[in-house]
Amino acid sequence: MKLRHLGAFAMVIVALPASAQQAGAIFGRVTAKDGKPLAGIHVDASGNVLPQGRLVVTNETGEYRLPFLPPGEYTLVFTHPNRATEKRKVVVALQQTTTLHVTLNEAAMQSTVVEVVGQASMVDASSAELKTLIASDVLTAMPVGVGYRDMMKLIPGVAYTSQGTRDPNAGGSGQDNVHLMDGVNVNLPMYGTIGIGGGTASYDIDQIAVTKGGASATDFNRSAGFTMNSISKSGTNVYTGELSYTAIPANLVARRPAGSTTSFETDSTYAVANVGGPIVKERLFFFASMYSPKDTRKNGSNLYGPVPELSTSHTEYFGKLTYSPTTNLLLHGSYRRAKHTDYNVSVGSSSPASVANGAESTTTITTLEASWSITPNNFLNFKYTNFAIYQGDHPNTYASATAALDGSSVLDVNNLATQGNLSIPTVAQAGSNATLIALINRYGYAGTGTNATPAGFVGGGSVGVYPSINTDNFFRRNYQLAWDGTYGSTVSHEVHVGFQYWKEMEDLYRISNGWGSIAANFNNQKIPTTALSGVGLVYAYVASPYQQGLGHAPQIHSELESQNFEVNDRIRWNAFTFNVGVLVSNDKLYGMGIRTDSTTAGGYALAPGQKYLEHEIKWADTLQPRLGVTWNYHKDDTIYANFARYVPSTSSLPRASSWARNLVGTINVYFDATGHMIGQGADAVSQGKLYVDGIKPRHTDEFMVGTTRDFGQGFTGRLYGRYRKSINFWEDTPNNSRVVYNAPSDVPHTLYIPDLATKLSNLGANGGPMNGNTSAVIAQLDGAFTKFYEVCAETEWRRGDAYASFSYTWSHYYGNFDQDNTANGSANDLNLFIGSSNIADSAGTQIWDNKYGNLAGDQRHKIKLFGSYAFPWNGKLGVYAVYQTGMHWQKTDYKVYQALITATGSTSTSDTARYAEPAGSRVNPAHYQMDLSYTQTFWQSKTMGLSGTVDLFNVFNRQTVTAYNQSANGGLFASPQTYMPPRRTQFGLRFWF
């Protein structure tokens, strides 16, 4: 007889060390009807994405393992001369292991076929890792957008976000998350945010695997947030393909709020084509795809009136080969190339069309992976990946001025909008100054009220041209080698040993358009004492051209080299599984611009263009234990506990602290009222930085307890609690911060580097000295920390044509170091440095200056419900709903620290990072949203079909405010800056064969 049901055997998801690669695994036990283990059973595995089958034999305890399997559908055949042959069908998921226990009848009994629609389950009989799998059927059924980051909306416990650069929080900052595409780290080197821009979504991706916590030492996981991995679709032994076209018409996008300073209409289209199949039957498969989205923004306007039509185009090609020359060797190779072009971008809410610029980027992702089954219980895996981004931008309008420091070029004060990018003072800043009022009247936008001049114009924006021309290329190369082996019977060990080497690099060249950024002096400020000339003179204007454009510097190169070594042992004993692992790392940070020189007092000498070692994080300082225990107390029900330490890489510091940064930075050039240069000096933040001796790298300790349960009838659940604490945060800060900026009594009132003046005695301009007190250093900030508490309940239900997922998460994220809140409101959604932000830069920005409190990402309550249902008429409905409380923010005001600012010799009037109240004193409104998707299959045969999809996002048009202006000065405090995207409708048509 043939039986087709789900309950014929135990099918759960566990995580074996081997499955940490771009693969999954199958593990199980074969027994007789009386429960005795059966040794010597042949287990033949064949799959749609596996060119050649695999054969293993059960050991003396009846166990078998099939690691390094490409995710897909598999058929397992169990044979023995004295037993009836059995078949089982199952799905293998990315970075998961399907557990399949089978009972064999006597040879006289008829064999059975049991088919399982295998899906990832949160029930896990042997793992304490916190993992979530988003399978292809969920991706296609849900109303999910087209970008890679859109899929994060499906991760339980992670806030839904409209940000375009930074991630939502998951126990760390938005830059602590790691994103992998086909196992390739696609975080932007030196920054940590997603680096793939308009990359693919569900069209090209087959599965998503997310690790939020409890990581084992099996895939070099150093993420203090979550790790999100994806695997692209693969070819099979059958030719398949699809063509699809999707559009979001501008007239079906709801209007933005009346208070929004910008308005526009955007038409979006997406074209996809792919094909896959065998090149050589049962040996070599291929898959190829093309993805081409395009956005056109028209009828745009801002405070200055109409803006030029903005458009983006993106063309992406992907190819993948799967080759199995023998049954014990499997090779994967892939190549992705994406070219992205932006036209007429960077026109903000308060800038005219002349400020627009264009940008181009080309991204390539290369992978090569080999898995070798040395023996049935020993496996070797090798992986090489390469990630590269080549990008540049250019202004639409070029300035008529040419910057020069020899006095030969003057600032045309009668035509400032042709000289660079002019920041216009506000009415409050102008006061009664007639010259500044005249600037507002000439260059401001029309308006009324207290922020307008008597003539009816408002300042605060910027005019002229885009200020810079940039070429910025990024690279990351990665090599991994791992061995996995199993041994033992009553007590079994699954051992993993791995080594990883990777290098990331940046090449940067930046010049100014004309004089670059230009600002008027609205506070009678004088040229500071740190300037090279004109000290003490009152200036009328200041410009900031880039030094590279002045011929002072070559291309700037930065590097980070990292080595990682891991050992992990998963020990199975009766109903218990213990995980014991450790990961250690060694990071070397390289910059440019100086060299060691024992003949100098400080031990260094200037060496433009020369690479040097900035700092090394040693093996001994990065011990990262991974300990877990799981008790499988009843059938597939578990209780588990885990401890893990993570040491994130300090990837941005090679760029931020490099001595060559003073070459890529800007020079302040000061002018009188006639436009003649009267002084110049290098920006204080553009110098290289030395590291304080003995600082320890940041680490995050995580404790987690939880339980999973299979309630039967397709209903499973998971409940867990998690605690994380992060300490040893590094930042660039003036060497004398603890001395002059009112540090509390429990902080040492000493210089970070006592002999810094000696070390810098010959590293200033032209080999001169630098200030040993105010010069910035990379320091471990005293008492800097974050804490994260989380309790989450998740449930999942699958039954026939229905699927549902529900999660509720309570969390509290607080501390005194907020990497996600170092700028002003919406400006926080940028590629801000890790370790070189606005934190601890000056008076009022130190971590003791109102920084303790709720961090920006502290969104206490998050509820997610999504699911799908297939109707008998070949229609399918997908629903996604979310409710979440808002992010935290606070008022910023430099005037709170005015006395200290003045006392330390500064004339700064910036509110940025100068909290006027405890961190997180205010909170954004709560947001709720529902998205719908309906797919109708119009026609379908055995080999092809045609379907159409309608997606409706934000059904109730909840355009909740996501960022407010934090600055107390300038007249715009607490005004909304950004909103959740409006309601929009997406149409799609898909043909497949």
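Worth saying up front: this structure is predicted, and the values here are computed from it rather than measured. (Residues numbered from 1 in each chain as written. Predicted model: local features only at pLDDT ≥ 70, side-chain atom pairs only at ≥ 80, totals over all residues. Heavy atoms only, no water.)

(A) Structural detail: the overall build of the chain. The helix and strand tally for the chain stands at eight helices and 55 strands. Its C-alpha atoms give the chain a radius of gyration of 30 Å, within 12% of the compact-globule value 30 Å for 993 residues. Seen along its three principal axes, the alpha-carbon backbone of the chain occupies a region of about 105 × 65 × 50 Å. The burial tally for the chain puts 59% of its 993 residues in the buried class. Considering only contacts within the chain whose residues lie at least 6 apart along the sequence, 72% involve residues at least 24 apart. (Helix = DSSP H or I, 4+ residues; strand = E, 2+ residues; numbered from the N terminus. Rg over C-alpha atoms; globule rule 2.2 N^0.38 Å. Buried < 20%, exposed > 50% of the residue type's maximum accessible area, 1.4 Å probe, protein only. Contact = heavy atoms within 4.5 Å.)

(B) Molecular detail of the sheet that holds strand E43 (residues 776-780). Strand order in this open sheet of three strands is E39-E43-E42, and the pairing throughout is mixed. Lying at the two open borders of the sheet, with one neighbouring strand each, are strand E39 (690-691) and strand E42 (730-734). Two elements, E39 and E43, share two bridges in a ladder whose sense is parallel. Paired with Tyr 691 across the strands is Ile 778, a residue of E43. (Pairing = 2+ DSSP bridges.)

(C) The arrangement of the packing of aromatic side chains in detail. Considering all chains together, one arrives at 34 aromatic pairs under this definition. With a centroid separation of 6.2 Å and an interplanar angle of 70 degrees, the aromatic rings of Tyr 191 and Phe 474 are classed as edge-to-face. Highlighted residues: Tyr 191 in the loop between strand E13 (184-185) and strand E14 (205-213) and Phe 474 in strand E28 (residues 468-488), separated in sequence by 283 residues. Summarising the aromatic geometry, the rings of Phe 785 and Tyr 814 are spaced 6.4 Å apart at their centres and angled 85 degrees between planes, so their arrangement reads as edge-to-face. Residue Phe 785 is found in strand E44 (residues 785-799), and its partner Tyr 814 is found in strand E45 (residues 802-815); the two are separated by 29 residues along the sequence. No difference in accessibility class separates Phe 785 from Tyr 814, as the two residues are buried. Among the aromatic residues, those joined into a cluster by ring pairs are Phe 643, Phe 703, Tyr 723, Phe 785, Tyr 789, Tyr 814 and Tyr 852. Here the guanidinium or amino end of Lys 153 rests over the ring plane of Tyr 880, the centre of that ring lying 4.5 Å away. (Phe/Tyr/Trp six-rings, centres within 6.5 Å; stacked < 30°, edge-to-face > 60°. Lys NZ or Arg CZ within 6 Å of the ring centre and 35° of its normal.)

(D) A look at the nonpolar core. Core analysis: the biggest nonpolar cluster contains 67 residues, and Leu 154 and Met 228 have the highest contact counts within it. If sequence neighbours within four positions are ignored, Leu 154 has contacts with Ile 134, Val 138, Leu 139, Met 142, Val 144, Lys 864, Phe 866 and Tyr 880. Membership of the second largest hydrophobic core comes to 25 residues, among which are Leu 439, Tyr 443, Tyr 541 and Ile 667. (Core = buried A, V, L, I, M, F, W, Y, C linked by side-chain atoms within 4.5 Å.)

(E) Representation of a nonpolar patch on the surface within the structure. A cluster of nonpolar side chains, Leu 368, Phe 382, Tyr 479 and Leu 481, forms an exposed patch at the surface whose accessible area comes to about 350 Å². With respect to the helices and strands, the residue Phe 382 is situated in strand E23 (residues 378-395). (Patch = residues over 30% accessible without salt bridge, like charges linked within 9 Å, V, L, I, M, F, W, Y side chains within 5 Å. Areas by Shrake-Rupley, 256 points an atom, 1.4 Å probe, with all protein chains shown as cover. Salt bridge = Lys/Arg side-chain N within 4 Å of Asp/Glu carboxyl O.)

(F) Local environment of unusual backbone geometry. Even without glycine at this site, Asn 742 takes up a positive phi of about 60 degrees. Positionally, Asn 742 belongs in the loop between helix H6 (737-740) and helix H7 (756-759). A relative accessible area of 58% means that Asn 742 is categorised as exposed. With phi around 55 degrees, Asn 957 is a residue other than glycine that occupies positive phi space. By the secondary structure assignment, Asn 957 is in the loop between strand E52 (945-953) and strand E53 (961-964).

(G) Representation of the environment of Val 138. Tracing the chain through its elements places Val 138 in helix H1 (residues 136-141). Residues Val 138 and Gln 207, spaced 69 residues apart in sequence, show a C-alpha to C-alpha distance of 9.2 Å. In this structure, Val 138 is in contact with Leu 154, Arg 798, Tyr 803 and Phe 866, ignoring residues within four places of it in sequence.

(H) Local environment of the pattern of salt bridges. Within the structure shown, the criterion is met by 38 salt bridges. Between Glu 86 and Arg 88 there is a salt bridge, and its shortest N-O distance comes to 3.2 Å. Classification of Glu 86 by relative accessible area gives buried; the value is 1%. The exposure class of Arg 88 is buried, given its relative accessible area of 7%. Between Lys 759 and Asp 755 there is a salt bridge; the shortest N-O distance is 4.0 Å. Looking at Lys 759, the relative accessible area reads 22%, which means it is partly exposed. You can call Asp 755 partly exposed: its relative accessible area is 38%.

(I) Focus on the sheet that holds strand E11 (residues 130-134). In space, the five strands of this open sheet follow the order E11-E14-E15-E12-E13, with mixed pairing throughout. Two strands close off the open sheet at either side, each with one partner strand: E11 and E13. Two elements, E14 and strand E15 (residues 227-232), share six bridges in a ladder whose sense is antiparallel. Each bridged residue has a counterpart across the sheet, and for Ala 209 the counterpart in E15 is Asn 229.

(J) Representation of the environment of Asn 523 within the structure. Considering the arrangement of structural elements, one finds Asn 523 in the loop between strand E30 (517-520) and strand E31 (541-544). Measuring from C-alpha to C-alpha, the distance between Asn 523 and Ala 135 comes to 59 Å, with 388 residues separating the pair along the chain.

(K) Representation of the pairing of E31. Side-chain alternation along E31 places Tyr 541 and Ala 543 on one buried face and Val 542 and Ser 544 on a second face that is also buried. Taken together, the four bridges between E30 and E31 define a ladder with antiparallel strand orientation. Among the inter-strand pairings, Ile 518 is bridged to a residue of E31, identified as Ala 543.

(L) Inspection of the confidence of the model for the chain at higher detail. Per-residue confidence for the chain gives a mean pLDDT of 88, with 93% of residues at or over 70. Confidence over residues 1-20 falls short of pLDDT 50; this stretch has 81 contacts with residues more than four positions distant or in other chains. A low-confidence stretch, residues 113-120 (pLDDT under 50), is modelled with 33 contacts involving residues beyond four sequence positions or located in other chains. (pLDDT = per-residue confidence, 0-100.)

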